[in-house]
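Below are the chains, spelled out letter by letter.
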Amino acid sequence: MTDTLPDRLSSNPNSPHYNEELLARDIGVRFKGVDKTNVEEYCVSEGWVRLTAGNAKDRFGNPMTVKLKGEVEPYFRQAASEA
């Protein structure tokens, strides 16, 4: 497996940008220099993250999200050699 992260990744299994193998490797996301733990989806080239908004749900039971723009930096929390 490669150590490069995709430009866009989602934790929602219904998304075309979902990748279970990558998500199992414990990916972290820094947004504007701050580690975020509630990232639902990110896009590095477009510079945005989609964060869950508390415990709110939409009418289909999915978490409500808010899209914020800024510098996005995804990373592996542990190097592949440590895992």
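Now for a look at the structure at hand. (Residues numbered from 1 in each chain as written. Predicted model: local features only at pLDDT ≥ 70, side-chain atom pairs only at ≥ 80, totals over all residues. Heavy atoms only, no water.)

This part covers the overall build of the protein. Within the protein, the secondary structure is distributed over 1 helix and 7 strands. Listing each helix as α and each strand as β along the protein from the N terminus yields β-α-β-β-β-β-β-β. Whereas a compact globule of 83 residues would reach a radius of gyration of roughly 12 Å, the protein reaches 13 Å, a difference of no more than 12%. If one aligns the C-alpha atoms of the protein with their principal axes, the spans along those axes are about 40 × 25 × 20 Å. By residue count, 25% of the 83 residues in the protein fall in the buried class. When contacts within the protein are restricted to residue pairs at least 6 apart in sequence, those whose partners lie at least 24 apart make up 49%. Carbon and sulfur atoms make up 46% of the accessible area of the protein, which totals about 5600 Å². If the 11 positive side-chain charges of the protein are averaged to one point and the 13 negative ones to another, these points end up 9 Å apart. (Helix = DSSP H or I, 4+ residues; strand = E, 2+ residues; numbered from the N terminus. Rg over C-alpha atoms; globule rule 2.2 N^0.38 Å. Buried < 20%, exposed > 50% of the residue type's maximum accessible area, 1.4 Å probe, protein only. Contact = heavy atoms within 4.5 Å. Areas by Shrake-Rupley, 256 points an atom, 1.4 Å probe, with all protein chains shown as cover. Lys, Arg positive; Asp, Glu negative; His and termini not counted. Charge placed at Lys NZ, Arg CZ, Asp CG, Glu CD.)

Membership of the largest hydrophobic core is limited to 11 residues, which are L9, L22, I27, V29, F31, V39, Y42, V49, L51, V72 and F76. Looking at this core, the elements with two or more residues in it are β2 (27-31), β4 (39-43), β5 (48-57) and β7 (72-76). Setting aside residues up to four positions removed in sequence, Y42 forms contacts with L5, P6, D7, R8, L9, V29, W48, V49, V72 and P74. (Core = buried A, V, L, I, M, F, W, Y, C linked by side-chain atoms within 4.5 Å.)

What follows concerns the pairing of β5. Sheet topology places β4 next to β5; 4 bridges connect them, and they run antiparallel. For Y42, the partnering residue across the bridge sits in β5 and is V49. Hairpin connection between β4 and β5: a loop of 4 residues separates the two successive antiparallel strands, and G47 in this loop has a positive phi of roughly 70 degrees. Sheet topology note: the β5/strand β6 (residues 63-69) ladder contains 6 bridges and is antiparallel. What sits directly across from W48, in β6, is K69. Where β5 folds back onto β6 in an antiparallel hairpin, the turn is made up of 5 residues, including G61, whose phi is positive at roughly 85 degrees. (Pairing = 2+ DSSP bridges.)

Treat this as a map of the structure, not an account of what it does.
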